[in-house]
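One-letter residues, chain by chain:
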Number of protein chains: 2
Amino acid sequence: MSLTLSRMLLDRFFPDAGEARPPTDWKETPEAHVFRMDVPGLAKEQVAVELVDGRVLRVRAGNKQDAAAKDGHEEEDAVRWHCRERVGSRALETQFRLPEDAAADEVRAAMADGVLTVTVPKRKGGKKRQHGGNKPVCCRFWP
Amino acid sequence: MSLTLSRMLLDRFFPDAGEARPPTDWKETPEAHVFRMDVPGLAKEQVAVELVDGRVLRVRAGNKQDAAAKDGHEEEDAVRWHCRERVGSRALETQFRLPEDAAADEVRAAMADGVLTVTVPKRKGGKKRQHGGNKPVCCRFWP
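These figures come from a predicted structure and were not determined experimentally.

Scoring rules and cut-offs
Residues numbered from 1 in each chain as written. Chains lettered and ligands numbered in written order. Predicted model: local features only at pLDDT ≥ 70, side-chain atom pairs only at ≥ 80, totals over all residues. Heavy atoms only, no water. Helix = DSSP H or I, 4+ residues; strand = E, 2+ residues; numbered from the N terminus. Areas by Shrake-Rupley, 256 points an atom, 1.4 Å probe, with all protein chains shown as cover. Buried < 20%, exposed > 50% of the residue type's maximum accessible area, 1.4 Å probe, protein only. Polar contact = N/O pair within 3.5 Å; in protein donor to acceptor, adjacent residues only side chain to side chain. Contact = heavy atoms within 4.5 Å. Salt bridge = Lys/Arg side-chain N within 4 Å of Asp/Glu carboxyl O. Pairing = 2+ DSSP bridges. Axes fitted to C-alpha atoms, helices over the stretch in contact; angles between N-to-C directions. Phe/Tyr/Trp six-rings, centres within 6.5 Å; stacked < 30°, edge-to-face > 60°. Lys NZ or Arg CZ within 6 Å of the ring centre and 35° of its normal. Core = buried A, V, L, I, M, F, W, Y, C linked by side-chain atoms within 4.5 Å.

K.L.:
So what's going on with the overall build of chain A? Which residues, and what values?
P.N.:
In terms of helices and strands, chain A carries 2 helices and 9 strands. The linear arrangement of helices and strands in chain A, starting from the amino end, is α-β-β-β-β-α-β-β-β-β-β. Just so you have it, chain A exposes about 7,900 Å², and 52% of that area is on carbon and sulfur atoms.

What follows is the structure, given as C-alpha cells:
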C-alpha cells in the first residue's frame, strides 16, 4: 500500500492519531513552485513555515485545541456533540522535498481565508541550489 | 451502509463527484446549537447560509474554480501539478434538520480564517418552532 493511501486511510478512520496532514496542492509554473494548503481556523501566527537542511519545506501548526477552548461554551459537561468531523483539535504537519531548481532562499508565504500559500521561485539559468548544511533552518517567511 | 459513511467514502475516493460536504462540528450548549464548518479559501460573500421550510439549515458555496482562475498562472498548458488534494474546485453543500427547540428565526452566522460558524439559539421555555411553510426562505444571516 502506498504511503499516500495509507496516510489517507489513517487520517480518515483514526482522525485523532498524531498530526494531521493538511490537504495540499503543489503546482509548478514556469517561474515557481506554488504550494497551497487548507489550514482552516488557523491564523498566520499559529503556522510555522520552515526550511530544513536547505531542501525540505516543512509546515507545522500547533494543537488547535487551545484556540477552541477560548471561544466560550467549553464547560464540556454541559455540551452535547451531535457531529464532530473537523480536525481542528489536532496538530498539523507536512513536508516536501524541494526540487533542485528551487530557490529555497527566496521562499514567500501568505495566508488568506484559512489557506496558506507558499511560493518558491525557480532559480534562473538552471543553477542548482546551495544546501544549507545539516542544521535545520527554522524561519517564518511572512512578508 | 449509513448515509454518512457512504458520503464519506464517496468524498474520499471520488473527490470530483458532485458537491463536497464540508467537515462540520455541531455542538449543543444549554443556550444554543453551534455549527462550525471548514470552508477554506472562501470569503463571506461566497457562502450562502439559508433556512429552508423554517426547519432545515442549508449552507452552500459556489464552484471555487472561478476564484482560483483569477489568481494568476492559470495558463494550464504551462502548469504542472505535482499534488492536487484540496477540494477547492468543487461546489460545497450541506444541510441539517434543526431540532424542535431551535429558534430558527434568530440564526446568526460569522466567518473567520476559513471557518464558518452558525449559531442557532434555543427557544426559551420549551416552545416549539413555527414552521415557515413550504416555501424556501433564502437569506444570509451575516450580522
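K.L.:
Go over the side chain of A:His33 with me, naming the residues and quoting the values.
P.N.:
With respect to the element layout, A:His33 can be found in strand β2 (residues 32-38). A:His33 gets classed as buried once you look at its relative accessible area, which sits at 1%. A distance of 3.1 Å separates the side chain of A:His33 from the side chain of A:Trp26, its partner in a polar contact. Of note is the side chain of A:His33, whose polar atom sits 3.1 Å from the side chain of A:Asp101. What A:His33 contacts, discounting residues up to four positions off in sequence, is A:Trp26, A:Lys27, A:Glu28, A:Pro99, A:Asp101, A:Val118, A:Thr119, A:Val120, A:Lys122 and B:His82.

K.L.:
I'd love a proper account of the pattern of salt bridges, names of residues and values included.
P.N.:
Tallied over the full model, the rule gives 18 salt bridges over all chains. With a shortest N-O distance of 2.7 Å, A:Arg21 and B:Glu85 are connected by a salt bridge. One end of the pair, A:Arg21, is in the loop between α1 (3-13) and β1 (24-28); the other, B:Glu85, is in the loop between β5 (80-84) and β6 (92-97), on a second chain. Here the salt bridges do not stand alone but share partners, grouping A:Asp25, A:Asp38 and B:Arg86 into one network.

K.L.:
Describe the sheet that holds strand β8 (residues 115-121) of chain A, and please don't skip the residues or the numbers.
P.N.:
In sheet architecture, strand pairing relies on hydrogen bonds along the backbone and comes in two forms, parallel and antiparallel. One open sheet accounts for 5 strands, arranged β7(A)-β8(A)-β2(A)-β1(A)-β5(B); its pairing is antiparallel. In this open sheet, the two strands that pair with only one neighbour each are β7 (108-112) of chain A together with β5 of chain B. Between one strand and the next, the sheet's axes are offset by a mean angle of 15°, whatever the strand orientation. With 5 bridges connecting them, β1(A) and β2(A) associate as antiparallel partners. Its bridge partner being in β2(A), A:Trp26 is matched across the sheet by A:Phe35.

K.L.:
Could you give an account of the sheet that holds strand β8 (residues 115-121) of chain B, naming the residues involved and the relevant values?
P.N.:
In spatial order, the strands read β5(A)-β1(B)-β2(B)-β8(B)-β7(B); together these 5 strands make up an open sheet with antiparallel pairing. The outermost strands of the open sheet, each flanked by one partner alone, are β5 (80-84) of chain A together with β7 (108-112) of chain B. Strand after strand, the sheet turns through a mean of 15° between neighbouring axes, direction not considered. Where strand β2 (residues 32-38) of chain B meets β8(B), 7 bridges bridge the pair, whose relative direction is antiparallel. When the bridges of β8(B) are listed, B:Arg36 appears paired with B:Thr117.

K.L.:
Can you lay out the pairing of strand β3 (residues 47-52) of chain A for me, pointing to particular residues and giving the numbers?
P.N.:
All names here are of chain A. With 6 of 6 residues buried, β3 lies mostly within the body of the structure. A two-sided burial pattern is seen for β3, the buried positions comprising Val-47, Val-49 and Leu-51 on one face and Ala-48, Glu-50 and Val-52 on the other. Here β3 pairs with strand β4 (residues 56-61) via 6 bridges, running antiparallel. Residue pairing for β4: Leu-51 is matched across the bridge by Leu-57. The hairpin turn running from β3 into β4, its antiparallel successor, is 3 residues long, and Asp-53 in that turn takes a positive phi close to 60°.

K.L.:
Any chance you could break down the packing of aromatic side chains for me, citing the residues and the numbers?
P.N.:
Tallied over the entire structure, the rule returns 6 aromatic pairs over all chains. Cation over ring: A:Arg84 sits above A:Trp81, and NZ or CZ is 3.9 Å from the ring centre.

K.L.:
Describe the nonpolar core, and please don't skip the residues or the numbers.
P.N.:
One finds A:Phe35, A:Val47, A:Val49, A:Leu98, A:Leu116, A:Val118 and A:Val120 to be the most contacted residues of the largest nonpolar core, which totals 24 residues. Broken down by secondary-structure element, the contributors of at least two residues to this core are β2, β3, β4, β6 (92-97), β7 and β8 of chain A. Dropping the residues within four chain positions of it, A:Phe35 is found in contact with A:Asp25, A:Trp26, A:Leu57, A:Phe96, A:Leu98, A:Leu116, A:Thr117, A:Val118 and A:Val120. In terms of nonpolar packing, the next biggest core, distinct from the first, is built from 23 residues, B:Met37, B:Leu57, B:Ala61 and B:Leu116 among them.

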